[in-house]
Amino acid sequence: MATHLECQRLEKILLGQHQVLEEVYDLLEQEQKHDDVIRAVVLGSRKATPVRIPHPDPERVYHVDTIRELCITYRLRFLEAGLFKGPIPPQAVHAIRVLEKRTGAPMQGFHIMAPGDRFKLCDSEVDPLLFVPLGDDLYYLVHKWGNDLSRWRMIKGLPVRTPAHLAAAVLVLAVILTWSVPEQWLMAWQVNRFLMLVWNTLVLTSFTVFGWFAFFGQFSVHNWNSRYFN
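Here is what the cut-offs are and how they apply
- Residues numbered from 1 in each chain as written.
- Predicted model: local features only at pLDDT ≥ 70, side-chain atom pairs only at ≥ 80, totals over all residues.
- Heavy atoms only, no water.
- Phe/Tyr/Trp six-rings, centres within 6.5 Å; stacked < 30°, edge-to-face > 60°.
- Buried < 20%, exposed > 50% of the residue type's maximum accessible area, 1.4 Å probe, protein only.
- Helix = DSSP H or I, 4+ residues; strand = E, 2+ residues; numbered from the N terminus.
- Expected span 1.5 Å × (residues − 1).
- Arc of directions from axis to C-beta.
- Contact = heavy atoms within 4.5 Å.
- Salt bridge = Lys/Arg side-chain N within 4 Å of Asp/Glu carboxyl O.
- Core = buried A, V, L, I, M, F, W, Y, C linked by side-chain atoms within 4.5 Å.

A. Layout of the packing of aromatic side chains. One pass over the full model with this rule turns up five aromatic pairs. Geometrically, the ring pair formed by Tyr-62 and Phe-131 is edge-to-face, given 6.3 Å between the ring centres and 80° between the ring planes. On the accessibility criterion, Tyr-62 (27% relative accessible area) is partly exposed. Here Phe-131 falls in the buried class, since its relative accessible area comes to 2%. Taken together, a centroid distance of 5.0 Å and an interplanar angle of 90° make the contact between Phe-78 and Tyr-139 edge-to-face. Across this residue pair, the class does not change: Phe-78 and Tyr-139 are buried. Among the aromatic residues, those joined into a cluster by ring pairs are Tyr-62, Phe-78, Phe-131 and Tyr-139.

The following block contains the structure:
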């Protein structure tokens, strides 16, 4: 008799735990559905709809001119999140949910700062910064992931910021090539170093201009918010 009562008591405990597990699974499923909805909203953003964030963190508020300068410096683009290709990480979704609790309303109008190859550009087939617009050309940084703002990327994108930067890069390369030529060679060719510098500059300029137009080059100052590959 005692064994039967103990079995019934243990069965109730087990059934109770099963019920708790079912509630936990249901809760997790609801949370996952909410996360999926947020990801769909982010990747469906095609319009800059301002949102109201009470007492926004001033360290996360950026003017569009500042964003433009960063894009030019690091060779990035700043476009609607609906053009972004790639997953939205859980940390970004969590940051959005935190903001939604503060605003009391769903977020929308997301923008992303990322390399051009991370977007579905209009005639084209690395890690972004997620923003929402606040109005008056101000944007709020929701979340950042990846290492796109690296010193190497800044150096690599330096020659293509503006036409002046590209011209300076060609001239510097010509100077380096000229001064790397041994003096004996110059004497054998019967040419002085200044003429060699002029020659190297003309040759490098010709190759640069040809390559720029052949591969549809675009300066960062022009393509930072362009939806087009070229």
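From this point, the narrative continues.
B. Representation of helix α7 (residues 193-214). Given a rise of 1.5 Å per residue, 22 residues ought to cover 32 Å, and the 31 Å separating the end C-alpha atoms of α7 matches this to within 8%. Within α7, the full set of buried residues consists of Arg-193, Met-196, Asn-200, Leu-204 and Trp-212. The buried residues of α7 occupy an angular sector of 120° when the element is viewed end-on, so they sit on one face. Residues of α7 that are exposed and point over 90 degrees away from its buried face: Phe-194, Trp-199, Leu-202, Phe-210 and Phe-213. The secondary structure elements touched by the buried residues of α7 are α5 (163-180) and α6 (183-189).

C. Examining the pattern of salt bridges more closely. For the coordinates displayed, the defined rule picks out three salt bridges. Note that Asp-35 is salt-bridged to Arg-97, the shortest N-O span being 2.8 Å. With Asp-35 in helix α1 (residues 2-43) and Arg-97 in helix α3 (residues 90-103), this pair connects stretches of sequence that are 62 residues apart. One salt bridge in this structure joins Glu-69 and Arg-68, with 3.2 Å as the shortest N-O distance. Residue Glu-69 is classed as partly exposed on the basis of its relative accessible area of 43%. Under the relative-accessibility criterion, Arg-68 is labelled partly exposed at 27%.

D. Representation of the nonpolar core. Counting 24 residues, the largest nonpolar core has Val-42, Ile-96, Met-107, Phe-110, Leu-130, Val-132 and Val-142 as the members making the most contacts within it. Mapped by element, the contributors of at least two residues to this core are α1, α3, β3 (111-114), β4 (129-135) and β5 (138-144). Apart from residues lying up to four places away in sequence, Leu-130 is in contact with Val-42, Ala-92, Ile-96, Phe-110, His-111, Ile-112, Tyr-140, Leu-141, Val-142, His-143 and Trp-145.

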